[in-house]
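Remarks on the overall topology
The primary structure of each chain is shown beneath.
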Protein chains: 2
Amino acid sequence: MNFSSRFIEEAVNAFASLPGIGKKTALRLVLHLVKQQPEIAVQFAEAIVKMRRNIRECERCHNISDDKLCSICANRSRDQSLVCVVEGIRDVMAIEGTGQYRGLYHVLGGVISPIEGIGPSDLNIDSLVQRVNEGAVKEIIMAISPTIEGETTIFYLSKKLRDTGVQVSTIARGISFGGDLEYADELTLGRSIVARVPYKGVNE
Amino acid sequence: MNFSSRFIEEAVNAFASLPGIGKKTALRLVLHLVKQQPEIAVQFAEAIVKMRRNIRECERCHNISDDKLCSICANRSRDQSLVCVVEGIRDVMAIEGTGQYRGLYHVLGGVISPIEGIGPSDLNIDSLVQRVNEGAVKEIIMAISPTIEGETTIFYLSKKLRDTGVQVSTIARGISFGGDLEYADELTLGRSIVARVPYKGVNE
């Protein structure tokens with residue numbers, strides 16, 4: 001691309017360094033900011049700097065947070081005996097979005113993956129065991145993707161937690177609501193038959 | 001979306017205010033910046049603020065510029081007698097990208113469009129007429145999209161420039177190279193037959 005302005009070129013390169021944004025999209029975004037009042041661009045930049053400088057990890061659950069404890073851990077009305085173990089903060093957002101869960105979280109920061117060189121010590125596992133040992137937690141819900149790495153991580157965690165006596169469960173797996181049996185993969189379909197559940201009528 | 005951090009929420013909203021970026025993409029970009037060193041986010045923000053504060057319009061051609069004159073107008077080795085009239089700065093970049101043009105530009109800032117309330121006085125037309133009246137310009141090339149608004153603008157400009165005696169041309173219209181006759185629209189195909197050009201052999 002030919003830029004007649006060095007400043008434009010640098011701003012385009014800045015946007016294009018973000019994942020999934022190419023040079024053409026970057027140029028479109030920059031030209032959008034050029035059209036707006038200068039304050040808009042300054043506010044945009046300030047929001048990003050403020051975010052990057054001020055966010056930190058929740059000391060207890062490793063979720064992203066503005067304070068020492070994230071808003072979920074700090075909320076005393078949530079069930080302190082339930083901890084949902086997830087890979088990343090996006091999963092926390094997804095589960096919060098359902099409005100179905102009122103317990104706490106524990107963000108691992110990934111899953112065990114020898115191929116990518118991620119071992120148990122790279123994840124927030126010790127702090128999870130410590131939380132359980134403190135005694136308030138009654139149940140650990142593994143909300144981890146059912147991939148090979150995810151299953152390995154669940155197996156490792158459940159072994160680590162065996163002696164603590166805490167109850168370990170996983171989120172239900174099976175055919176999605178609205179999903180088509182015909183197009184479900186064999187493993188999911190097979191397991192959903194083996195792990196069938198008693199039918200609860202509408203009146204129950 | 002449920003954010004446990006106000007700073008993240010503000011940064012996501014900032015990204016999502018850009019055209020073509022939804023909340024999910026915005027979150028992906030923000031989480032990318034969270035993973036990087038803080039300096040990366042600061043550099044990103046600085047590039048945008050610096051760009052927005054320092055760019056201005058070239059005094060002569062209204063192209064985007066770092067100085068009073070843009071790098072194209074300031075380049076004395078370019079043909080000062082040729083002026084290519086375009087709608088916007090993106091068109092300047094596109095034509096510069098071809099490497100086929102060594103003249104100057106004039107950026108209108110849009111086309112005449114009564115529906116969108118854009119009249120001739122909203123565009124950089126007076127300054128174009130003034131440039132031509134100064135005498136150095138011999139030919140005006142209209143590189144404006146062949147839409148109804150574009151054709152109206154070309155017609156208006158050619159009338160405005162009639163008395164100056166400058167030669168007015170438009171870029172060639174016809175079937176694209178690599179284009180398929182079968183899929184060309186009737187107007188383009190019809191006009192490309194009416195406005196056929198003598199075949200120049202490979203030896204010429």
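Residues numbered from 1 in each chain as written. Chains lettered and ligands numbered in written order. Predicted model: local features only at pLDDT ≥ 70, side-chain atom pairs only at ≥ 80, totals over all residues. Heavy atoms only, no water.

Along the backbone of chain A there are 7 helices and 6 strands. Computed over the C-alpha atoms, the radius of gyration of chain A is 22 Å, more than 25% above the 17 Å expected from 2.2 N^0.38 for a compact globule of 204 residues. When the backbone C-alpha atoms are referred to their principal axes, chain A occupies close to 65 × 45 × 45 Å. The burial tally for chain A puts 42% of its 204 residues in the buried class. Counting only contacts in chain A whose residues sit at least 6 apart along the sequence, the fraction spanning at least 24 positions is 46%. The distance from the centre of the 24 positive side-chain charges to the centre of the 25 negative ones in chain A is 4 Å. (Helix = DSSP H or I, 4+ residues; strand = E, 2+ residues; numbered from the N terminus. Rg over C-alpha atoms; globule rule 2.2 N^0.38 Å. Buried < 20%, exposed > 50% of the residue type's maximum accessible area, 1.4 Å probe, protein only. Contact = heavy atoms within 4.5 Å. Lys, Arg positive; Asp, Glu negative; His and termini not counted. Charge placed at Lys NZ, Arg CZ, Asp CG, Glu CD.)

Turning our attention to the sheet that holds strand β5 (residues 139-142) of chain A. All names here are of chain A. Read across the sheet, 4 strands follow the order β4-β3-β5-β6 without closing on themselves; strand pairing throughout is parallel. On the outer flanks of this sheet lie β4 (103-107) and β6 (167-170), each paired with one strand and no other. Along the sheet, successive strands turn relative to each other by an average axial angle of 25°, direction set aside. Pairing between strand β3 (residues 79-86) and β4: 5 bridges, direction parallel. Note on β4: the bridge partner recorded for Val-85 is His-106. (Pairing = 2+ DSSP bridges. Axes fitted to C-alpha atoms, helices over the stretch in contact; angles between N-to-C directions.)

All names here are of chain A. Summary statistics for chain A give a mean pLDDT of 90 and a share of 98% for residues scoring 70 or more. Least confident of the elements in chain A is helix α7 (residues 186-194), whose mean pLDDT is 82; most confident is β4, at 95. This prediction of the complex comes with two scores: 0.76 for pTM and 0.78 for ipTM. (pLDDT = per-residue confidence, 0-100.)

On to the domain arrangement of chain A. If you check the domain split of chain A, you get domain 1 (6-54) and domain 2 (78-198). Distance between the C-alpha centres of domain 1 of chain A and domain 2 of chain A: 37 Å. (Domains from an automatic or database assignment.)

With that settled, the discussion passes to the pattern of salt bridges. Residues and elements named next belong to chain A. Inspection of every chain in the model, using the stated rule, returns 8 salt bridges over all chains. Taking the shortest distance from any N to any O, the salt bridge between Glu-96 and Arg-78 comes out at 2.8 Å. Residue Glu-96 is found in helix α4 (residues 89-98), and its partner Arg-78 is found in the loop between β2 (64-65) and β3; the two are separated by 18 residues along the sequence. Like Glu-96, the residue Arg-78 is buried in the burial classification. (Salt bridge = Lys/Arg side-chain N within 4 Å of Asp/Glu carboxyl O.)

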